[in-house]
Amino acid sequence: MQMGFRWYGTGNDSVTLPYIKQIPGVTSIVWSLHDMAAGPVWPIERIARVQEEFKPFGFNMDVVESVNVHEDIKLGLPARDQYIENYIQTIKNLSEFGVKVICYNFMPIFDWTRTDLFHPMPDGSTALFFEAAKVNNVSPEDLAKTVLDGSGKYTMPGWEPERLAHIKEAFKAYEGFTEERLLNNFKYFMEAIAPAAEKEGIRMAIHPDDPPWSIFGIPRIVNNAENIRRLLAAVPSKANGLTFCTGSLGANPKNDIVSMVNEFIDRIYFIHVRNVKVFPNGDFIECSHRAQDGNVPIDLVMKTLSDHDFKGCIRPDHGRHIWDEKCRPGYGLYDRALGIMYLLGVWDILQRAKK
């Protein structure tokens, strides 16, 4: 196993590479070209500049998160073929720099949904929060207006201004859409890119829906064991795999996270480890990584990965905002560093017990 840390780039992140270097055990920076809109080819020279930034610190760039999928591909529109060709070229360009895994998602319109980015917790920290009743009783446009970074300094991936500017048109395009249509469009996309990914030695790792259910009547297809089975069976290529996010899937108590890790381990290429506390009314809040603090059995997840001798990259995800840190919601330094120490402590004990 290697430990990663998601980083949004110089000038777009409160956390710096020298700070990350001081976290014991981190070997991989999970990165992206966050200013690139979905659709265009990622230029070689841009990728090379990222590599140059990492070199002085010894970090690898094995995992990219995300190469976003253009909405026309998800909708199955005629322009999708050109966007798929662009995606294939991006895969080829990334392979030249040793990239091994591309994390992406196939969620229509939004990458994730929360109703409060800085919800107060009993201990005085704040965290990302989902209030079910609010989502059920507001329009997508009104919800979009609430998803703002209070500092105004950092971008919010999945809620870029260009998306929000066309939100009404986007929802109209999905009127009458079904899970079957979305799955078919995913299959078309994956069948087209899988040969290139296989040739270049890159694994595609789809991220689960966040939260793991349909919102505003828009279908989603990566949210439980049954749907994941369908998705993997649709294109059995080894290039078609998962980013297993314990927090996204764990927001639905019906998902047996440990059982799912056991079942899909051969197709899990990247893992987001985070915890959520789920309330009886369907609300949930993101809490510390410690197993006892939420509903996700993080310790058992790590044991399952250890039992399978998982060699891929994992990273902490969506930390709380603690000690008055000013940062992008969910992506500060302090709580994610604490999460890494917790995860590595559990891992080290499990590995020692195997000897």
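Residues numbered from 1 in each chain as written. Predicted model: local features only at pLDDT ≥ 70, side-chain atom pairs only at ≥ 80, totals over all residues. Heavy atoms only, no water.

Caption draft 1: Representation of the side chain of Asn223. Considering the arrangement of structural elements, one finds Asn223 in the loop between β7 (203–206) and α10 (225–234). For Asn223, a relative accessible area of 6% corresponds to the buried category. Of the polar contacts made by the side chain of Asn223, one reaches the side chain of Asp209; its length is 3.3 Å. Within the structure, Asn223 has its side chain in polar contact with the side chain of Asn224 (distance 3.3 Å). Apart from residues lying up to four places away in sequence, Asn223 is in contact with Asp209, Pro212, Trp213, Leu249 and Asn255. (Helix = DSSP H or I, 4+ residues; strand = E, 2+ residues; numbered from the N terminus. Buried < 20%, exposed > 50% of the residue type's maximum accessible area, 1.4 Å probe, protein only. Polar contact = N/O pair within 3.5 Å; in protein donor to acceptor, adjacent residues only side chain to side chain. Contact = heavy atoms within 4.5 Å.)

Caption draft 2: Local environment of helix α13 (residues 298–307). Where α13 is concerned, the buried positions are Ile298, Val301, Met302, Thr304, Leu305 and Ser306. On the buried face of α13, the contacting elements are α11 (246–250), α12 (257–264), β9 (268–273), β10 (275–278), β12 (313–316) and α14 (334–354).

Caption draft 3: Main features of the sheet that holds strand β5 (residues 116–120). The antiparallel open sheet is built from four strands, whose spatial order is β5-β6-β11-β10. The sheet terminates laterally at β5 and β10, the two strands that pair on one side only. Going from strand to strand, the sheet's axes swing by 40 degrees on average, the running direction of each strand aside. (Pairing = 2+ DSSP bridges. Axes fitted to C-alpha atoms, helices over the stretch in contact; angles between N-to-C directions.)

Caption draft 4: Main features of unusual backbone geometry. With omega at 10 degrees, the peptide bond leading from Glu65 into Ser66 counts as cis. Structurally, the position occupied by Ser66 is in the loop between β3 (63–65) and α3 (71–75). With omega at 0 degrees, the peptide bond leading from Asp210 into Pro211 counts as cis. Its place among the elements puts Pro211 in the loop between β7 and α10. Within the chain, Asp309 stands out as a residue other than glycine whose phi angle is a positive 55 degrees. As for its placement among the helices and strands, Asp309 is situated in the loop between α13 and β12. Look at Asp309 and you get partly exposed, because its relative accessible area is 36%. With a phi close to 55 degrees, Trp323 is a non-glycine residue in the positive phi region. Looking at where Trp323 falls in the secondary structure, it is placed in the loop between β12 and α14.

Caption draft 5: Examining the sheet that holds strand β8 (residues 240–245) more closely. The parallel open sheet is built from eight strands, whose spatial order is β2-β1-β12-β9-β8-β7-β4-β3. Both edges of this open sheet fall to β2 (26–30) and β3, since each of them pairs with a single strand only. Direction aside, neighbouring strands of the sheet carry axes that sit 30 degrees apart on average. Across four bridges, β8 lies against β9 in parallel orientation. Paired with Cys245 across the two strands is His272, which belongs to β9. Contacting β8 and β9, α12 runs over the sheet at an angle of about 155 degrees to β8. Contacting β1 (2–6), β2, β9 and β12, α14 crosses the sheet at an angle of about 170 degrees to β1.

Caption draft 6: Focus on the environment of Ala192. By the secondary structure assignment, Ala192 is in helix α9 (residues 179–200). Each C-alpha atom of the pair Ala192 and Val346 lies 40 Å from the other, and the pair is 154 residues apart in sequence. Sequence-distant contacts of Ala192, that is, excluding residues within four places in its chain, are made with Ile84 and Ile88.

Caption draft 7: Spotlight on the confidence of the model for the chain. For the chain, the mean per-residue pLDDT works out to 92, and 92% of the residues sit at or above 70. Note on residues 148–152: pLDDT is under 50 here. Beyond four places in sequence and across chains, it has nine contacts. (pLDDT = per-residue confidence, 0-100.)

Caption draft 8: Here's a closer look at the pairing of strand β6 (residues 126–130). Burial analysis of β6 places five of its five residues in the buried class, the great majority of the element. Where β5 meets β6, three bridges bridge the pair, whose relative direction is antiparallel. In the strand pairing of β6, His119 is matched with Ala127. Here β5 folds back onto β6 in antiparallel fashion, the turn holding five residues, of which Gly124 has a positive phi close to 100 degrees.

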